[in-house]
Amino acid sequence: MIYVLFAALIWAMGWGLNAVIANGRAAKTSAAQIGVPLIFGATVLIIWELLVTGLNISAVILPAPTAIASAFGANLAILWADFFQTFVKGAFSGYVIGCGAAFLVAIIVDRYDFLRRGLLPVGNFVAALPIVGTAPILVMWFGFDWQSKAAVVVVMVFFPMLVNTVAGLRDTSTMQRDLMRTYGASYAQTLLKLRIPAAMPFVFNGLKIATSLALIGAIVAEFFGSPVLGMGFRISTSVGQLALDMVWAEIVVAAIAGSLFYGLVAKIEQWVTFWHPSQRKH
Amino acid sequence: MTKVGPILTVVLAIMALWYVACIPMNVQETLTAAERAGAVVTPDNARARAEVGRFSLMLQNTETLAGSWSVERARLPAPHQIVAELWDSTWTEEVYGRRGIVNSGSLSNKSLIYHGWVTLSATVVGFAIGAGLGVLLAVGIVHSKTMDMSVMPWAIVSQTIPIVALAPMIIVVLYSFGIQGLIPKAVISAYLSFFPVVVGMVKGLRSPDAMQLDLLHTYNAGQGATFWKLRLPSSVPYLFTSLKVGIAASLVGAIVGELPVQRGGLGARMLGGSYYGQTEQIWAALFFAAGMAALLVALIGWVEARTLKRMGVQA
């Protein structure tokens, strides 16, 4: 009981501290912008730990954060192998192939108005479908190893990327295109010097959406069959063994990988589209 | 006509490609089936054929290739086979099946309609919970600076995390509390639709510009009046956009939630099909799920159009 009271106290303290910072004079500083969510996260973790200990919650229902951390530390080699199998081999190769193919197809689609009017509604339609459902089929075609996971990722990221890139390639004003014409620029020159750079904010929007889709696709595809490693494999087998600390450790890996991947793409975006209003520093 | 023409062409082209692709994809199965039926096939046993490439097999056995579109358990079933399977597992099963209406007097529990309903109910319940909580949290975030600074960064970060990975664990943990059936899947659905709605709704509630907020301030409007008369109406387009993302995510959540426990639903149907090599069953379930997703998104789009029209927004 003392633990539960202590947890309530910690919650009040953490929230109070955040309220003071957020409503105080320092709220606009970058230290506060980073500090407040960190304090909130730490508060939640401490309360989680205290409640699990205080209420005697069994480890097969909810393991404590310290248990997850020790499982993480004890299984670094396994986690790394799973990460390499699922993320580097499956998700990342699929991401590169899928986004690259979508980009090239988008350029062709954009060139021919007929294709754009035909393929874009179909692409929009497919982008909203539960494409993870193709996983069992692709696993059957490409086998249990990472190739089938990459294939699922390719199918998943292709259409969101295609739709975004086509929208981006059209995002130039008549004035800009006319200027290129007065320069006597050819189609290829207009494409390379005006339209692809102008499309970049849209392209990166697609790339960012695709980062999380890629991880989802790779992990879910492993639920349908995989070699004896991989994040999805480890999650489904550890759930079967009621080793939930391992499941959580794997989820921590997925969370870190997902946000780092997203962060990396966002960083490249900042670097490529520095001219765009949304990237300018005030 | 200018709109339908290109779309129709693209769809037809995809169909044609599909039929062509069936030939190399199914060549092994086609030749085995033809051999069993007594036709002459060069390399005359399956093991020898396994070592020959698909395309040389096609060139050596041009007469038997017509069977490519009617093989059972094909690697790539032809579209008409999938349509036939869809028809069989909905109408035929419901009416004439062993547990259909003619033989048992009630609707079948083996049809795609039954499985689709299992998935749909979990999706809709989960979506309602997730979207409702998402809107509430967004309202909290907009009105409390503490909440905004503490929770919002996590809500954004969580969108980059593959939350589906949690699905098997949620199912098992809830099962150990004796909760099973619809609720665990709905929890996953809710979880997946929650964060897109929060992020979209916060954006929407913040979309009134300073001028509009200042105007309400000069009217001496309180927080409540500002919320009901300005923030909420201007958030509607954002809300519907995120609801469309949310319901698609919900459906994925429900399907993935059906993988660990095989108690009906489209996800169970897909996994069952992949265990037993019933490719047509997987494809039929996939198309059924796709149709459901399209209907759900279209339904929200329809409500959106109606709402915006009632609000006087020019579409």
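Residues numbered from 1 in each chain as written. Chains lettered and ligands numbered in written order. Predicted model: local features only at pLDDT ≥ 70, side-chain atom pairs only at ≥ 80, totals over all residues. Heavy atoms only, no water.

### Re the overall build of chain B
So, step 1. Within chain B, the regular secondary structure consists of 14 helices and 0 strands.
So, step 2. Going from N to C terminus, chain B has its helices and strands arranged as α-α-α-α-α-α-α-α-α-α-α-α-α-α.
So, step 3. Here the C-alpha coordinates of chain B stretch approximately 90 × 55 × 45 Å along the principal axes.
So, step 4. By residue count, 48% of the 315 residues in chain B fall in the buried class.
So, step 5. A separation of at least 24 residues holds for 68% of the contacts in chain B among residues at least 6 apart in sequence. (Helix = DSSP H or I, 4+ residues; strand = E, 2+ residues; numbered from the N terminus. Buried < 20%, exposed > 50% of the residue type's maximum accessible area, 1.4 Å probe, protein only. Contact = heavy atoms within 4.5 Å.)

### Let's talk about the pattern of salt bridges
Opposite charge on two side chains makes pairing possible when the charged atoms of those side chains draw close.
Residue and element names in this part refer to chain A.
So, step 1. One pass over the full model with this rule turns up 8 salt bridges over all chains.
So, step 2. The salt bridge involving arginine 117 is made with aspartate 113; its shortest N-O contact spans 3.3 Å. Pair noted here: arginine 117 and aspartate 113 are both in helix α5 (residues 113-127), with a separation of 4 residues, about one helical turn.
So, step 3. Connected via shared salt-bridge partners are Asp113, Arg116 and Arg117. (Salt bridge = Lys/Arg side-chain N within 4 Å of Asp/Glu carboxyl O.)

### Topic: the domain arrangement of chain B
Reports often express the size of an interface as the amount of accessible area lost when the parts come together.
Residue and element names in this part refer to chain B.
So, step 1. The assigned domain composition of chain B is domain 1 (4-76) and domain 2 (112-310).
So, step 2. At the interface, 7 residues of domain 1 touch 7 residues of domain 2.
So, step 3. Carbon and sulfur atoms make up 46% of the area that domain 1 and domain 2 hide from each other, which totals about 460 Å².
So, step 4. Counting the contacts that link domain 1 with domain 2 gives 0 salt bridges.
So, step 5. On the surface where domain 1 and domain 2 come into contact, there are 0 residue pairs in polar contact (both at pLDDT 80 or more). (Domains from an automatic or database assignment. Buried area = accessible area lost by both parts, 1.4 Å probe. Polar contact = N/O pair within 3.5 Å; in protein donor to acceptor, adjacent residues only side chain to side chain.)

### Concerning the interface of chain A and chain B
So, step 1. Taken residue by residue, the interface counts 50 residues in chain A and 52 residues in chain B.
So, step 2. For the chain A and chain B pair, buried surface summed over both sides reaches about 4300 Å², with 84% attributable to carbon and sulfur atoms.
So, step 3. A per-residue breakdown of the area chain A buries against chain B is headed by Pro130, Met140 and Trp141 of chain A, which together make up 15% of the total.
So, step 4. Where chain A meets chain B, there are 0 salt bridges.
So, step 5. There are 3 residue pairs in polar contact (both at pLDDT 80 or more) connecting chain A and chain B.

### A closer look at the packing of helix α2 (residues 30-54) of chain A against helix α3 (residues 65-74) of chain A
All names here are of chain A.
So, step 1. In the contact formed by α2 and α3, the axes pass within 8 Å of each other and the chain directions differ by 100°. Taken together, the axes of α2 and α3 lie roughly perpendicular to each other. From α2, Leu45, Trp48 and Glu49 reach across to α3, where they touch Pro65, Thr66 and Ile68.
So, step 2. Across the contact of α2 with α3, the residue classes tally to 4 nonpolar, 1 polar and 1 charged. (Axes fitted to C-alpha atoms, helices over the stretch in contact; angles between N-to-C directions. Parallel < 35°, antiparallel > 145°, perpendicular 65-115°, else oblique. Nonpolar A, V, L, I, M, F, W, Y, C, P; charged D, E, K, R; others polar.)

### A few points about the confidence of the model for chain A
So, step 1. In this model, chain A carries a mean pLDDT of 85, and residues with pLDDT of at least 70 account for 98%.
So, step 2. Within chain A, no element has a lower average pLDDT than α5 of chain A, which sits at 80, and none a higher one than helix α4 (residues 76-111) of chain A, at 90. (pLDDT = per-residue confidence, 0-100.)

### Digging into the domain arrangement of chain A
So, step 1. Partitioning chain A into domains gives domain 1 (2-57) and domain 2 (72-279).
So, step 2. With centres defined by C-alpha atoms, the gap from domain 1 of chain A to domain 2 of chain A works out at 35 Å.

### Topic: the environment of leucine 86 of chain B
All names here are of chain B.
So, step 1. Looking at where leucine 86 falls in the secondary structure, it is placed in helix α5 (residues 79-96).
So, step 2. In sequence terms leucine 86 and alanine 248 are 162 residues apart; their C-alpha atoms lie 22 Å from each other.
So, step 3. Setting aside its immediate chain neighbours within four residues, leucine 86 contacts Leu112, Ala284, Phe287 and Phe288.

### Thoughts on the packing of aromatic side chains
Residue and element names in this part refer to chain A.
So, step 1. Using the criterion set out here, one finds 18 aromatic pairs over all chains in the structure.
So, step 2. Taking 5.2 Å as the distance between ring centres and 10° as the angle between the ring planes, the aromatic pair formed by phenylalanine 83 and phenylalanine 87 counts as stacked. Remark: phenylalanine 87 and phenylalanine 83 occur in helix α4; sequence separation between them is 4 residues, near one turn of the helix.
So, step 3. Ring centres of phenylalanine 92 and tyrosine 95 lie 6.5 Å apart, and the angle between their planes is 20°; this geometry places the pair in the stacked category. You can see phenylalanine 92 and its partner tyrosine 95 sitting in helix α4, 3 residues apart, about one turn around the helix.
So, step 4. The ring of tyrosine 187 has arginine 111 sitting right over it, with the charged end atom 4.0 Å from the ring centre. (Phe/Tyr/Trp six-rings, centres within 6.5 Å; stacked < 30°, edge-to-face > 60°. Lys NZ or Arg CZ within 6 Å of the ring centre and 35° of its normal.)

### Examining unusual backbone geometry
Residue and element names in this part refer to chain A.
So, step 1. In this model, asparagine 56 sits at a positive phi of 55°, which is unusual for a non-glycine residue.
So, step 2. When you line up the elements, asparagine 56 lands in the loop between α2 and α3.
So, step 3. Looking at asparagine 56, the relative accessible area reads 68%, which means it is exposed.

### A few points about helix α8 (residues 145-158) of chain B
So, step 1. Across its 14 residues, α8 of chain B extends 20 Å between first and last C-alpha, which sits within 8% of the 20 Å expected from 1.5 Å per residue.
So, step 2. The largest bend along α8 of chain B reaches roughly 35° and is located at valine 151 of chain B, with the proline proline 153 of chain B sitting one to four residues downstream.
So, step 3. At its buried positions, α8 of chain B is contacted by α1 (2-23) and α2 of chain A together with α7 (112-143) and α10 (182-205) of chain B. (Expected span 1.5 Å × (residues − 1). Bend = angle between axes of the 7 residues up to and from the residue.)

### Some remarks on the confidence of the model for chain B
So, step 1. When pLDDT is averaged across chain B, the result is 82; 95% of the residues are at 70 or more.
So, step 2. ipTM for the predicted complex: 0.78, alongside a pTM of 0.82.

### Topic: the packing of α5 of chain B against helix α14 (residues 279-310) of chain B
Residues and elements named next belong to chain B.
So, step 1. In contact at an axis separation of 9 Å, α5 and α14 are set at 80° when each is read in the N-to-C sense. Here α14 runs roughly perpendicular to α5, going by the angle between their axes. Between α5, through Gln81, Ile82, Glu85, Leu86 and Thr90, and α14, the contact on the second element is made entirely by Glu280, Gln281, Trp283, Ala284, Phe287 and Phe288.

### Points about helix α2 (residues 27-36) of chain B
Residues and elements named next belong to chain B.
So, step 1. If you check which residues of α2 are buried, you get Val27, Thr30, Leu31 and Ala34. Down the axis of α2, the buried side of the element spans an arc of 95°, and every buried residue falls inside it.
So, step 2. In this structure, the buried residues of α2 make contact with α1 (4-25), α3 (46-50) and α4 (54-60).
So, step 3. At the C-terminal side of α2, glycine 38 shows a positive phi close to 100°. (Arc of directions from axis to C-beta.)

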